[in-house]
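In case you want the letters, here they are:
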Amino acid sequence: MKPPPFDYEAPRELDEALALLAERGEDGKVLAGGQSLVPLLNFRLARPEVLIDINGVQALATLGREGTHLHIGALTRHAQAEHSSVVREQWPLLADALRWVAHPQIRNRGTVGGSVAHSDPSAELPVVLSALDARYHVRSARGARTLEREEMFLGQLETGVRPDELLCAIEVPAMAPGAGWAFVEYARRHGDFALGGTAVVLDVEPDGTVGRAAIALLGAGPTPLRAAAAEHALVGQAVDDAVAREAAALAVAEIAPTGDIHGSTEYRRDLIETLVGRALGVAAGRANGGTT
Amino acid sequence: MTAARSKARPAAAARRKARVAAPTPIVGRSVLRKEDPALLRGAARFVDDLRGGALEIAILRSPFPHARIAAIDVAEARRQPGVVDVLVAADLPDGGPVIPMRMFRQPGAERFLQRPLATDRVRYVGEPVAVVVATSRYLAEDAAERIAVDYEPLDPVTDMEAALAPDAPVLHAEAGTNLAAAFDLGRGDVDAAFAAADAVVEVEIRCGRHAAVPMETRGLLARLEPGGGRLVVHGAAKVVHVNRRILAGLLGWPEDRIRFVEESVGGGFGARGEFYPEDYLVPFCALRLGQAVAWTEDREEHLRATNHSRDQLDRLAAALTADGRFLALRAELTINTGAYVRTHGSVVPGMSGGLLPGPYVWPALACHVRQVVTNKTPAGTYRAPGRYETTLARERLIDVAARRLGIDPVELRRRNLVAPEQMPYDNGSATDGHPVVYDSGDYPRLLERGLEHVVWEELRAWRATPPQRPELRRGVAIALFVEKSGIAQWEYARMELDSLGRPVLCSGSASVGQGVDTVLAQIAAEALGVPYEAVRVRHGDTDDVPDGMGAFGSRATSLGGAAAHQAASALRERVLELAAAKLDVAVEKLELTATGVSVRGARAAGVTFAELVAASGTAAAIADGRRPGLSEEAYFRTEEMSFPYGLHCAAVELDAETGAVRIERYGVAYDVGRAINPQLVEGQIVGGLAQGLGGALFEDLVYDDAAQLVSGSFMDYLIPTAVEVPAVRVLITEDCPTQRSPIGAKGAGEGGTTAAGAALAGAVSDALGVEVTRLPMTPEWIVRAARGEACA
């Protein structure tokens with residue numbers, strides 16, 4: 001469990017990092033918190049020729065509100081976002097989901113950008129950011145681009161970030177006032193990759209009906225999925241048990257999670273259905289100042 | 001966590017007899033651990049701390065579960081930077097010696113032993129094929145990738161019953177079978193009992209495959225003393241002297257030219273410290289190269305290379321009367337021992353059958369045991385070996401019988417317990433050819449005290465209360481068990497006053513992190529009659545201790561403590577005699593202090609230990625016709641093991657939709673005869689429960705159809721963490737000290753594990769209304785069972 005040989009670069013400035021990526025990005029890997037990459041190296045499952053360590057690029061470590069949006073610099077540690085008062089007060093779904101990411105030690109080192117760029121469909125952050133309609137700012141020596149969810153998460157461990165590009169920041173739109181939200185997952189042990197999960201946001205009208213719903217599914221497919229049919233079906237409805245159950249059934253109607261020794265495809269699909277139903281109930285209870 | 005403990009009247013006489021008068025009792029108190037200051041200050045030294053300057057080894061392991069090795073080409077690996085040497089089997093004398101069994105040598109099992117490196121065939125994923133020695137582990141691993149091995153894959157077999165089929169691939173062609181050992185145990189006319197029974201109940205129970213996963217993986221550093229005089233091996237553990245003997249035999253070296261040194265050890269649990277292929281390869285490389293050579297196992301290796309355990313299929317049938325009397329037990333136990341028989345020989349099969357009867361009277365018993373070779377990592381012992389599995393099977397059988405007969409499961413157990421007046425009780429089984437005779441025990445009393453301690457009536461009321469949400473299900477169960485302690489009948493101890501007059505105990509036992517220094521110091525201090533703080537303990541260095549058996553099978557306290565007690569008692573007598581002569585005072589008037597001997601009631605007029613040691617110097621002593629030095633050796637020996645016993649209780653609430661299991665309450669009651677240090681006993685029980693719980697709900701070494709290990713890292717081999725382990729209500733009882741040891745202690749290392757699978761399976765079965773027949777109980781299994789779907 002020792003990594004194969006690699007070159008190591010540790011730029012201090014963003015431009016320097018982008019120059020290195022332009023030159024060597026094709027055969028290199030960006031090292032941020034290292035919580036996924038280093039094990040992959042040690043198991044010799046990843047063999048980059050060069051590691052470009054961006055931990056010194058302080059410009060990427062910013063976190064805060066910009067206008068109505070939340071700006072998360074890619075180098076923001078999980079723990080930093082988890083404990084940020086801005087995040088807790090205005091993006092409580094994100095703060096809540098972060099508690100489910102692995103263990104405190106890992107959250108102290110792991111970065112938000114790293115988790116997004118790793119694009120594991122069982123990771124919490126891509127799912128919760130998908131529910132929140134986050135956008136992803138990437139840069140290269142050639143210029144800057146902003147990616148939407150579908151452009152960012154292309155497949156399992158596969159993103160739209162090109163080899164010479166660096167994910168620099170994530171922009172999260174404001175949650176609607178009074179929006180109900182829930183993050184629910186189930187893992188065999190606390191801190192494991194979950195067997196299934198969901199992040200839900202419900203904007204509820206004064207009459208108690210859903211104006212807009214966002215349901216993102218964890219572990220449902222190769223990328224974080226949005227359950228569009230279920231979201232659509234909820235609009236105009238008041239969420240009760242039956243409505244939640246119907247929406248949950250719709251949410252999993254077309255998914256086929258990958259089975260493994262911890263749970264088959266069928267089990268995971270049923271689990272996600274259960275969790276979506278529960279999450280909708282929790283979110284509806286929280287909407288418009290509810291406390292459930 | 002709560003712990004309670006009680007003293008019992010029957011023990012008092014034995015204890016009075018056993019204990020040498022001391023000012024304040026030390027045994028029975030939760031004194032602070034001797035080991036902790038060094039560990040807490042980071043001053044403790046583990047073997048991996050020592051490797052600076054040594055060459056490092058990487059081992060190339062087979063990626064195939066079963067293959068013929070057609071050719072190995074190491075030329076390119078040899079040319080890699082930093083590489084000092086590359087070895088394959090052909091580089092070892094005669095292709096490498098066979099690693100012997102050290103115990104439970106069942107005839108025929110010797111055909112399945114392993115050599116340090118695969119010769120012409122590999123039989124499991126992870127089998128050592130070649131060794132690279134380089135200036136660092138990094139370079140060694142890089143070079144190992146350049147070794148070209150031409151494997152010709154063969155059909156693998158991982159299922160133990162499939163391995164016994166006539167057309168199964170045979171792993172060891174010379175043996176011509178995959179059945180490594182088989183034997184029958186029992187007594188009485190089982191067939192007649194079944195013919196006469198009112199009810200016959202059968203179960204088929206599978207237990208998953210487990211790894212002990214001590215926090216510190218294995219590691220070794222071998223070096224030659226300057227001048228080439230002796231071979232020194234650091235990193236010894238568990239059975240230090242035994243392994244030195246094995247290594248000496250394999251190298252053809254005299255034992256006294258090999259020194260083994262135990263460093264701090266980060267857990268053992270049965271797996272760490274056995275003699276493995278690496279235990280030959282590392283010293284061999286050091287001798288071959290004349291340089292220090294180090295190897296630290298990584299976790300990926302650990303899960304493939306260090307002994308697995310469990311993986312047992314048990315078919316049990318009970319014959320009962322209508323009112324729930326046990327008439328007979330029939331059992332077929334099949335153990336998947338992996339690709340080779342290792343140093344334990346047939347310990348696990350032997351213990352599986354030996355303790356199968358548990359605390360119950362079975363008038364007739366027939367048990368057939370099979371040890372089967374398959375293409376999995378070889379298996380050995382792991383905390384409560386054999387007992388975890390057969391306690392699970394037997395207690396499941398009893399739960400099923402209770403439901404079938406409409407008798408309360410606790411009551412069914414109560415009706416069939418061995419009565420105290422039947423002690424000592426032959427349970428009808430045997431281990432390694434010896435009858436299993438329980439030394440002592442009051443099982444009915446333990447049952448009642450255990451139920452009271454877990455507040456069983458409260459749990460039953462909780463069970464009957466509907467949970468808050470409809471998908472939640474509640475279940476409760478108890479499981480009873482008999483453990484054993486003190487396997488391998490002897491231990492060595494030497495108690496002495498060192499040249500400064502300080503009491504030092506040298507023990508043949510070993511530390512696997514369990515606190516043996518503390519417990520032995522308590523026993524020795526009380527026997528010698530000095531304060532606990534005054535006693536130093538040494539073990540694990542063959543230069544300090546000439547002989548010993550080690551730490552396994554809950555023996556360090558029961559046998560190591562007994563030897564320490566004898567040696568310390570003998571030294572006390574000598575010290576008192578010498579002091580009496582020197583002070584011209586009767587022995588009865590003397591008492592020991594931390595630093596010497598004083599006269600009771602007198603303010604001065606004592607003699608220090610240092611003065612006594614000086615008076616025992618060689619010249620002075622032989623002039624007086626006395627033995628020089630103040631040192632007493634003892635070999636404690638006992639014919640029989642002793643048998644602690646206990647109860648586990650689990651109350652669980654399941655989520656039938658996710659399969660999550662929440663433990664509402666967990667309790668363990670355990671009679672250890674005598675708790676030398678109650679807090680350490682409680683720690684043993686809670687830690688043991690964590691491992692038993694792991695096997696019940698999480699842990700399983702899963703192989704796929706191609707015989708590849710799927711749960712080969714901690715991402716998939718799930719050991720419980722602090723979140724998953726509940727608070728445990730521990731009751732330590734001392735109702736029945738063993739007469740088979742002067743200190744009465746029965747050993748307490750395993751009972752926290754033994755019945756955990758059984759109790760949790762019972763509680764989950766109760767919650768679901770579906771009988772659990774295999775561990776681990778995965779979320780998916782629970783969901784399906786709750787829906788009434790059959791699933792394997």
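Residues numbered from 1 in each chain as written. Chains lettered and ligands numbered in written order. Predicted model: local features only at pLDDT ≥ 70, side-chain atom pairs only at ≥ 80, totals over all residues. Heavy atoms only, no water.

1. A few points about the overall build of chain A
Piece 1. Counting its regular elements, chain A contains 12 helices and 14 strands.
Piece 2. For 292 residues, the compact-globule estimate of 2.2 N^0.38 gives 19 Å, and chain A sits close to it at 19 Å.
Piece 3. In terms of overall dimensions, chain A has a C-alpha envelope of 60 × 45 × 30 Å along the principal axes.
Piece 4. Here chain A holds 292 residues, and the buried ones make up 55% of them.
Piece 5. The long-range share in chain A, meaning contacts at least 24 apart out of those at least 6 apart in sequence, stands at 60%. (Helix = DSSP H or I, 4+ residues; strand = E, 2+ residues; numbered from the N terminus. Rg over C-alpha atoms; globule rule 2.2 N^0.38 Å. Buried < 20%, exposed > 50% of the residue type's maximum accessible area, 1.4 Å probe, protein only. Contact = heavy atoms within 4.5 Å.)

2. Overview of the side chain of Thr111(A)
Piece 1. Inspection of the secondary structure puts Thr111(A) in the loop between α6 (104-109) and α7 (112-118).
Piece 2. Once residues within four sequence positions are removed from consideration, Thr111(A) is found in contact with Ala32(A), Gly33(A), Ala74(A), Leu75(A), Thr76(A), Arg77(A) and His78(A).

3. Quick notes on the pairing of strand β13 (residues 210-218) of chain A
Residues and elements named next belong to chain A.
Piece 1. The element β13 is largely enclosed, with a buried count of 7 among its 9 residues.
Piece 2. When strand β12 (residues 196-204) meets β13, the two strands line up antiparallel, connected through 8 bridges. Looking at β13, one finds that Asp203 is bridged to Arg212.
Piece 3. Two elements, β13 and strand β14 (residues 225-226), share 2 bridges in a ladder whose sense is antiparallel. Its bridge partner being in β14, Ala216 is matched across the sheet by Arg226.
Piece 4. Between β13 and β14, which pair antiparallel in sequence order, lie 6 residues; one of them, Gly219, sits at a positive phi of approximately 70°. (Pairing = 2+ DSSP bridges.)

4. Digging into the packing of helix α19 (residues 678-697) of chain B against helix α21 (residues 756-768) of chain B
Residue and element names in this part refer to chain B.
Piece 1. Their axes nearest at 8 Å, the elements α19 and α21 cross at an angle of 50°. Put simply, α19 runs oblique to α21. Note on packing geometry: the crossing formed by α19 with α21 is right-handed. Each of Leu689, Gly692, Leu693 and Ala696 in α19 lies in contact with α21, whose residues at this interface are Ala756, Gly757 and Leu760.
Piece 2. Of the residues belonging to the contact of α19 with α21, the class tally is 5 nonpolar, 2 polar and no charged. (Axes fitted to C-alpha atoms, helices over the stretch in contact; angles between N-to-C directions. Parallel < 35°, antiparallel > 145°, perpendicular 65-115°, else oblique. Left-handed = near helix turned anticlockwise from the far one by under 90°. Nonpolar A, V, L, I, M, F, W, Y, C, P; charged D, E, K, R; others polar.)

5. Overview of the pattern of salt bridges
Piece 1. According to the stated counting rule, one finds 89 salt bridges over all chains in the structure shown.
Piece 2. The residue Asp260(A) makes a salt bridge to Arg268(A) at a minimum N-O spacing of 2.6 Å.
Piece 3. The exposure class of Arg268(A) is buried, given its relative accessible area of 6%.
Piece 4. With a closest N to O distance of 2.5 Å, Arg637(B) and Glu639(B) form a salt bridge.
Piece 5. Through salt bridges with shared partners, one network takes in Arg44(A), Arg47(A), Arg61(B), Arg137(B), Glu141(B), Asp142(B), Glu145(B), Arg218(B), Glu278(B), Glu297(B), Asp298(B) and Glu301(B). (Salt bridge = Lys/Arg side-chain N within 4 Å of Asp/Glu carboxyl O.)

6. Considering helix α11 (residues 387-405) of chain B
Residue and element names in this part refer to chain B.
Piece 1. Under the 1.5 Å per step criterion, the end-to-end length of α11 is 26 Å for 19 residues, consistent within 8% with the ideal 27 Å.
Piece 2. The buried count for α11 comes to 16 of 19 residues, which makes it a mostly enclosed element.
Piece 3. Looking one or two places after α11, you find Gly406, whose phi comes out positive at around 70°. (Expected span 1.5 Å × (residues − 1).)

7. Digging into the interface of chain B and chain A
How large an interface is tends to be reported as the accessible area lost when its parts come together.
Piece 1. Each partner contributes to the interface: chain B provides 36 residues, whereas chain A provides 26 residues.
Piece 2. Buried surface at the junction of chain B and chain A, summed over both partners, amounts to about 2,500 Å²; 54% is from carbon and sulfur atoms.
Piece 3. Joining chain B to chain A, the criterion identifies 8 salt bridges.
Piece 4. The closest approach of N and O atoms between Glu145(B) and Arg44(A), which form a salt bridge, is 3.2 Å.
Piece 5. At the boundary of chain B and chain A, one finds 17 residue pairs in polar contact (both at pLDDT 80 or more). (Buried area = accessible area lost by both parts, 1.4 Å probe. Polar contact = N/O pair within 3.5 Å; in protein donor to acceptor, adjacent residues only side chain to side chain.)

So, to be careful, I would describe these as geometric facts and stop short of saying anything about function.
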